[in-house]
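A closer look at the structure
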Protein chains: 2
Amino acid sequence: MADYRTPKKDLLFALRTAGMIDELSSRERFAHADYETVAGVFEEHGRFFDEVWAPTNAPGDAEGLTWSEDGVTTPEVFKEAWAKYVEAGWQGMNLDPDYGGMGFPEVVYSLGAEAVIGSNAALSMLPGLTTGAVELLQHWGTEEQKERYLPKMISGEWSGTMNLTEPQAGSDVGLSTTRAVPQDDGSFLITGTKIFISFGEHDLTSNIIHLVLARTPDAPAGTRGISLFLVPKFLLDDDGNPGARNDVKCVSIEHKMGIHASPTCVLSYGDEGGAIGWLVGEENQGLNAMFTMMNAARLAVGVQGTGIAEAAYQKAVDYAAERVQGREIGSDEKGSVPIIRHPDVRRMLLSMRARIEATRNLTTHLAASIDMANSTEGEDSQGWDERVELLTPVAKAWCTDVGVEVTSTALQVFGGMGYIEESGVAQHFRDQRITPIYEGTNGIQAMDLVGRKLPIRAGAAFADLAKEMRRVLTELEGIDELAATRDSLAAAFDELDTATAWVMEHGLADPRDALAGATPYLELVGLTAGGWLMARQALAARREIEQGAADGKEYLEAKVTSARFFCEQLVPKVHALTPSITAGHGILYEVDAEALASS
Amino acid sequence: MADYRTPKKDLLFALRTAGMIDELSSRERFAHADYETVAGVFEEHGRFFDEVWAPTNAPGDAEGLTWSEDGVTTPEVFKEAWAKYVEAGWQGMNLDPDYGGMGFPEVVYSLGAEAVIGSNAALSMLPGLTTGAVELLQHWGTEEQKERYLPKMISGEWSGTMNLTEPQAGSDVGLSTTRAVPQDDGSFLITGTKIFISFGEHDLTSNIIHLVLARTPDAPAGTRGISLFLVPKFLLDDDGNPGARNDVKCVSIEHKMGIHASPTCVLSYGDEGGAIGWLVGEENQGLNAMFTMMNAARLAVGVQGTGIAEAAYQKAVDYAAERVQGREIGSDEKGSVPIIRHPDVRRMLLSMRARIEATRNLTTHLAASIDMANSTEGEDSQGWDERVELLTPVAKAWCTDVGVEVTSTALQVFGGMGYIEESGVAQHFRDQRITPIYEGTNGIQAMDLVGRKLPIRAGAAFADLAKEMRRVLTELEGIDELAATRDSLAAAFDELDTATAWVMEHGLADPRDALAGATPYLELVGLTAGGWLMARQALAARREIEQGAADGKEYLEAKVTSARFFCEQLVPKVHALTPSITAGHGILYEVDAEALASS
């Protein structure tokens, strides 16, 4: 099987449509990120990951990781892949130019991330987490912290981690017990155990900057007593270089179903008295700081859903074109033909393609909305901020659920070969299955949407989004080719209105009724938003065809077809969801917890 | 995590409702299989697999298999598990009493198989394939073949395999090229390579009886030139004991994503001149013989979907009851509570339970239908035969697709822990993913349903089934508790009628239009049939409550609740499927095969 190839043309199409790049680059902040410039960067960026990272994906999975008391050894092929990445300077894509970054918009970073993820999902977590840590320090760090840490993190010489989870504190981060005791010199001594720390220990960078949630001695209980600390693996010497080893150790790594080459570490802080750390932001405000980073991280996981699905899709298309099996129905040809000619295989492929484009459009729109918020003043900015808040849980959960489905379909196209590890698609399937779990399970996202996001401005923020989505119906009017798409979307918007009204109303009376249907409600929002953006894709592609655009008619017509397929054949699932959304919590509690067990 | 526990009470509930055991045991052929007798057998049978097999599941997966030129070494813990299985005599459950079997109905075997699969899916393939081989020989073997081979296969001392697939011949078995050259003594010399042969080589039995598809020298091309041969690993000596080694070798085993402890072999026949084999059935009728076994095998894979899902569900319920995280919404309690109290977790668990019961009901009804056909004379028998033909592809595909979904939901309940192999649920997820693939991919099943089964008696067979399903609406009338269930089912039956009429009509004009929607059509049939049987479950449970049955009111009320949940909240997905079913093949071919690749 051929390795992953960055779908540069598809990424650029998304950038200039859902990604609003012309609008963004018309603003001063992103004036350097005009479409042509980004297209040039993507050309080089995509080639780098195709050539340097993609060939390391399967070997990295097969070799996996080795833990010892001295640390974690990553796969041999990762060393060169990472060194070349640092040399090329790709880490700084969206990061602060004052510290060496390129300062591109989030939407450029987000689309570019597909190449990083698609070429090697396990390794992609290292730059991903480092970006998150940098963004957090950019926002909350002191000037001194920024100067000491950011340049080397943005260059990729050092990496960053996020330390939230403890054995008893997962989704419920308020239960965490890691301690931070202030010292006379302004530092803190950190003690405690953190689990599920991705790239918490590894051998690819010369330092690792841990961002750690912990409690100071008199902190209030729960989430309001959590502070954030910067704890480097190696303390910096007077020249700012890694010096003495800090008191943090990786005591084990997890044996996971996928992303085998991404170390998931148990980190023990303070076995020898306490790891030295420094407060980031204000005391007891750690969760706020973490939340800054969490929206970006959730968007990034949504992009993983698409990126891994795309990698699996590429393998499936190749296989379907090569694998000869069965006669062609409705043809006079006598011999067997490539399975790509069979209707059922064709349905699988087109449905994968449509779903990939829909999820890509959603994360792209979300990333561009972040940029719009960051480059807009006043009330308009609030509108974009609200959209980011509303769509973040949807992008994280829906794009990863769809990503799992698409990757599973890819495996299915292979038949028995898909179940064999050598096909490579099994790895994508294993890798993908983490995305609905981490950065807040998809159930947590659904509760966030229903419990925290819908109530923004008493529902008016969501109403604004729904209104904006409906506007596409006007644009679709009178286009014969898109009449069925329009009808399907109109029905979906009605379904969304009905479901949203139910959830808002009943959620006020008894939150359990809203939460009981939170997961199907999130899917309903995802499908509707996906359909909205796919309809816009069809309209944009038609405009480009009219303008005789460079991508060519056939390419653009395919964008219309996949949009139609998505809206006409996949969006109708919305009608299956309302019964669950509006059923309330009663039936879920009819069977006692004990009686749920099989007998 | 606790090991798997056979859900004996649930299996017996299914046996006396969907399983029609009272009706079956009223017939002479199954007079010995009355409910009380089977209940006693299930007690012992379940305990055996819980105690002897279940503890070998995780170690078997972790240890896996070793291949050498001398053969395949299975996990150490399997030796005792298999020896005790043979000693207990469980292999003969549904097999011919004349050769040592117990002669129980298929429905007893099918429900009992859940214990075999749930306790160790990888190892369960050995008895499963042996049963298939025995059934085939029972039907097509000569008296001599039966006498020589069946007793030791039915005792479990020897095992059986099915050899269909070759590298170029998967779904398209007509492409197979393995040769069988007749010898003067009536035997044949077999040469060729077979792949994907489960338990094609292993160290658990003293002989392996391969059933192999091959072509005689002058056989016509395609499927009409395929014959079936019996090829033992060890040729029998004059006393009928394993003697000289036959010329068949396992040249490699596959490195699979799951069922790590089930050897998937490449078998090479005739490297040293030809393996000695004997014709089973008539020349060129091999595929017919294979089809005898294939219906049973497809039903068995459907049961795997349920069995593995049940094992995963049990782990998820246990974990949800133990894992403390988050406050209870709508409660005044201050502390964190087990996650089983949260609405979203509750929804996951109830939806898993409902789907498990629905798939169990479907395979149980199908198995009982086989028994009805086998114990009925004349026209009535034809009706049952037709139902078996219609429901077999649905049971195989729908129960395994649902099985994958349920197992994925179980993993999700665990959050991050689910992705760690030590939780055990990851193994179920990996194991389960083969079921939509083997014994004919689910796409092949959908094509079978639409292309071969719907046309039986020009659609009248399916119309009879649809009519029978609608009858449940009459039974549901006037029951307040089930009013919403009835409404939901009535709408689903209408949807089924609409979709079926479309498929029949358009399939005649252009088969591609029917095939384009075959997969969503099969799902529609699965959901509707599942809903039908779940409504019958609710009615049966209510009757048993009225009669004051031994299982207790709470247990039976839970059966009503899960039935209602299935019909009211899951069955409505049927309305999402019709747009795909009735879209035709046109849109699937708008994008050229070459243009489907990403760019």
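Residues numbered from 1 in each chain as written. Chains lettered and ligands numbered in written order. Predicted model: local features only at pLDDT ≥ 70, side-chain atom pairs only at ≥ 80, totals over all residues.

A look at the overall build of chain A
- Tallying secondary structure elements over chain A gives 19 helices and 12 strands in all.
- Scaling as 2.2 N^0.38, a compact globule of 599 residues should have a C-alpha radius of gyration of about 25 Å, and chain A matches this with 24 Å.
- Counting only C-alpha atoms and orienting by the principal axes, one finds that chain A spans roughly 80 × 65 × 55 Å.
- Residues classed as buried in chain A amount to 60% of the 599 residues present.
- Of the contacts formed within chain A by residues at least 6 apart in sequence, a portion of 76% connects residues at least 24 apart. (Helix = DSSP H or I, 4+ residues; strand = E, 2+ residues; numbered from the N terminus. Rg over C-alpha atoms; globule rule 2.2 N^0.38 Å. Buried ≥ 20, exposed ≤ 12 C-beta atoms within 10 Å, placed from the backbone. Contact = placed C-beta atoms within 7 Å.)

Observations concerning the pairing of strand 7 (residues 227-232) of chain B
All names here are of chain B.
- Of all six residues in strand 7, six are buried; the element is thus mostly enclosed.
- Along strand 7, one buried face is formed by S227, F229 and V231 and the opposite face, lined by L228, L230 and P232, is buried too.
- Pairing of strand 6 (residues 207-214) with strand 7 involves six bridges; the strand directions are antiparallel. Looking across to strand 7, one finds that I209 is bridged to P232.
- Of the pairings in the sheet, the one linking strand 7 to strand 12 (residues 275-280) comprises three bridges and is antiparallel in character. Bridge pairing links L230 to W278 in strand 12. (Pairing = 2+ DSSP bridges.)

Looking at helix 7 (residues 121-140) of chain A
- Its 20 residues give helix 7 of chain A an end-to-end C-alpha distance of 29 Å, which sits within 8% of 28 Å, the value for a rise of 1.5 Å per residue.
- A large share of helix 7 of chain A lies buried, amounting to 18 of its 20 residues. (Expected span 1.5 Å × (residues − 1).)

Some thoughts on the pairing of strand 4 (residues 179-182) of chain B
Residue and element names in this part refer to chain B.
- Bridge count for strand 4 against strand 5 (residues 188-198) is four bridges, and the pairing is antiparallel. Considered in strand 5, the bridge of A180 is made with I190.
- What sits between strand 4 and strand 5 in their antiparallel hairpin is a turn of five residues, with G186 showing a positive phi close to 95 degrees.

Brief notes about the interface of chain A and chain B
- Contacts between chain A and chain B engage 83 residues on the former and 83 residues on the latter.
- Each residue belonging to the side of chain A that touches chain B can be placed in one class, and the counts come to 39 nonpolar, 22 polar and 22 charged. (Nonpolar A, V, L, I, M, F, W, Y, C, P; charged D, E, K, R; others polar.)

With respect to unusual backbone geometry
- Positive phi outside glycine occurs at A:M20, with the angle close to 50 degrees.
- For B:A458, which is not a glycine, the phi torsion comes out positive at approximately 50 degrees.
- Topologically, B:A458 is positioned in the loop between helix 13 (442-453) and helix 14 (460-476).
- Residue classification places B:A458 among the exposed residues on the basis of 11 C-beta atoms within 10 Å.

Observations concerning the relation of the copies chain A and chain B
- Overlaying chain A with chain B gives an RMSD of 0.0 Å, the required rotation being 180 degrees about an axis along which the chain moves by 0.0 Å. The transformation just described matches what one would write down for a two-fold rotation axis. Residue A:A576, judged by its C-alpha, is the member of chain A lying nearest the rotation axis, at 3.0 Å.
- When the interface residues of chain A are mapped onto chain B, 100% of them are again interface residues, pointing to one common binding face. (Least-squares fit on C-alpha atoms with pLDDT ≥ 70 in both.)

Considering the nonpolar core
- Of all hydrophobic cores here, the largest spans 386 residues; its most connected members are A:F229, A:A316, B:F229 and B:A316.
- Beyond its immediate chain neighbours, meaning those up to four positions away, B:F229 contacts B:A180, B:F188, B:I190, B:V212, B:A214, B:G277, B:W278, B:L279 and B:V280. (Core = buried A, V, L, I, M, F, W, Y, C linked by C-beta atoms within 7 Å.)

Considerations on helix 17 (residues 518-546) of chain A
Residues and elements named next belong to chain A.
- Taking 1.5 Å of rise per residue, 29 residues should cover 42 Å, and helix 17 covers 42 Å from first to last C-alpha, within 8% of that figure.
- Counting buried positions along helix 17 yields 24 of 29 residues, so the element is predominantly enclosed.
- Of the residues trailing helix 17, G548 is marked for its positive phi of about 60 degrees.

Let's talk about the confidence of the model for chain A
- Mean pLDDT over chain A works out to 96, with 100% of the residues at or above the 70 mark.
- In the model output, the complex is listed with pTM 0.97 alongside ipTM 0.97. (pLDDT = per-residue confidence, 0-100.)

Points about the environment of A:Q285
Residues and elements named next belong to chain A.
- By the secondary structure assignment, Q285 is in the loop between strand 12 (275-280) and helix 9 (286-322).
- Owing to 16 C-beta atoms within 10 Å, Q285 belongs among the partly exposed residues under this scheme.
- In sequence terms Q285 and R224 are 61 residues apart; their C-alpha atoms lie 7.2 Å from each other.

Side note on the packing of helix 3 (residues 35-53) of chain A against helix 6 (residues 106-119) of chain A
Residue and element names in this part refer to chain A.
- Axis separation between helix 3 and helix 6 bottoms out at 9 Å; the angle between their running directions is 15 degrees. Considering their axes alone, helix 3 and helix 6 lie roughly parallel with respect to each other. Remark: the crossing between helix 3 and helix 6 carries right-handed chirality. Seen from helix 3, the contacting residues are V38, F42, H45, G46, F49, D50 and W53; seen from helix 6, they are V108, G112, A115, V116 and S119.
- In terms of residue class, the contact of helix 3 with helix 6 is built from seven nonpolar, four polar and one charged. (Axes fitted to C-alpha atoms, helices over the stretch in contact; angles between N-to-C directions. Parallel < 35°, antiparallel > 145°, perpendicular 65-115°, else oblique. Left-handed = near helix turned anticlockwise from the far one by under 90°.)

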